[in-house]
Amino acid sequence: MSRKPNGLTAKDKRLLRKERQKQVSISWEVVQKANAITNPLEKFAAFREYKCRNGSKVSLVSSPVTELDPKLFDEIFNLERDNMRALYEECEWGWHDKKKREEMADDRARYLVATDAETGDLLAFSHYRFDLDFDVEVLYCYELQLKYSVRRQGLGKFMTQILELIAFSNSMRKVVLTVLKGNREAMDFFTSLNYELDETSPLDDAFETFSYVIMSKRNKRLPDPR
């Protein structure tokens, strides 16, 4: 059988395509299994509370967006807008209440929520999802937002560690997140936690520049998906 210049026959290509489809199907099953878990923090009692450096106590829960109290969701959205609106308006994304709210209320969304253990007031949240990203099983962190009153208290690092625990205990290969280049504080924060530029992050060139980067941390217990 004759071979193409790249050394693969039509049969070879069909077999490779079939194998790739099989692998994607297996990966999607892993994601679906993770999505079937309502409360991934249930078996990690030690991570359901945190004591800030200033002594204040924090309670943490993880919940699908469909089970969030509407009032709490409004508070979460308001914190997102307070923290990110100016940064969005500085880049080509712009800020659109309706568009952002729809993204945050998507049925696939999950929330890690931190509240004051005594008052129940919202302190911080992370919007995350289990998904396939370029056919790789990932926990995608869409947002990690803290009120100014609890910044520099170790809470952001603790919540990131929880996301990693949730991801890797459910066989996700990476935790992935998008960071605006204009958000230098966030860039430095995730870099300090050993997040690196992901291979899927777009690269600036003479024709196009991007206002964001994609960062990730791999699950070292699983083989590199590439």
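Residues numbered from 1 in each chain as written. Predicted model: local features only at pLDDT ≥ 70, side-chain atom pairs only at ≥ 80, totals over all residues. Heavy atoms only, no water.

The helix and strand tally for the chain stands at five helices and eight strands. When the elements of the chain are put in sequence order from the N terminus, they spell out α-β-β-α-α-β-β-β-α-β-α-β-β. C-alpha atoms of the chain, sized along the principal axes, occupy 75 × 45 × 35 Å. Sorting the 226 residues of the chain into buried and exposed places 44% on the buried side. Counting contacts in the chain only where the partners sit at least 6 residues apart, residues at least 24 apart contribute 63% of the total. Of the roughly 13300 Å² that the chain leaves accessible, carbon and sulfur atoms contribute 50%. Computing the positive centroid from 38 side-chain charges and the negative centroid from 37, the chain places the two 7 Å apart. (Helix = DSSP H or I, 4+ residues; strand = E, 2+ residues; numbered from the N terminus. Buried < 20%, exposed > 50% of the residue type's maximum accessible area, 1.4 Å probe, protein only. Contact = heavy atoms within 4.5 Å. Areas by Shrake-Rupley, 256 points an atom, 1.4 Å probe, with all protein chains shown as cover. Lys, Arg positive; Asp, Glu negative; His and termini not counted. Charge placed at Lys NZ, Arg CZ, Asp CG, Glu CD.)

As a further point, take the UniProt feature "domain: N-acetyltransferase" (unreviewed entry) in the chain. Under the UniProt annotation, "domain: N-acetyltransferase" (unreviewed entry) lies at residues 63-220. As a span, residues 63-220 carries 33% helix and 30% strand, and end to end its C-alpha atoms are 26 Å apart. (UniProt positions renumbered as here; feature names shortened; annotations may be inferred.)

The subject of this paragraph is the side chain of lysine 100. Within the secondary structure layout, lysine 100 lies in helix 3 (residues 97-104). Only 2.8 Å separates the side chain of lysine 100 from the side chain of tyrosine 88, close enough to count as a polar contact. There is a polar contact of 3.0 Å between the side chain of lysine 100 and the side chain of glutamate 103. If we ignore the near neighbours within four places in the chain, the residues touching lysine 100 are Phe77, Glu80, Tyr88, Trp95 and Glu143. (Polar contact = N/O pair within 3.5 Å; in protein donor to acceptor, adjacent residues only side chain to side chain.)

With 38 residues, the main nonpolar core has Leu60, Leu139 and Leu155 as its most contacted residues. The leading source of residues in this core is helix 4 (residues 155-169), at eight residues. By size, the runner-up hydrophobic cluster in this structure holds 18 residues, among which are Phe73, Ile76, Met84 and Tyr88. (Core = buried A, V, L, I, M, F, W, Y, C linked by side-chain atoms within 4.5 Å.)

Further remarks concern the pattern of salt bridges. Tallying each qualifying case throughout the model produces 16 salt bridges. Among the salt bridges present, the one from glutamate 103 reaches lysine 100, with a minimum N-O distance of 3.0 Å. Separated by three residues within a single helix, glutamate 103 and lysine 100 lie in helix 3, roughly one turn from each other. Glutamate 199 is paired through a salt bridge with lysine 174; the nearest N and O atoms lie 3.7 Å apart. A residue pair is termed long-range when its members are at least 10 positions apart, and glutamate 199 in the loop between strand 7 (196-197) and strand 8 (212-218) and lysine 174 in strand 6 (residues 174-180) qualify at 25 residues. Take lysine 174: its relative accessible area is 1%, and that puts it in the buried class. Through salt bridges with shared partners, a single network forms among Glu80, Lys100, Glu103 and Glu143. (Salt bridge = Lys/Arg side-chain N within 4 Å of Asp/Glu carboxyl O.)

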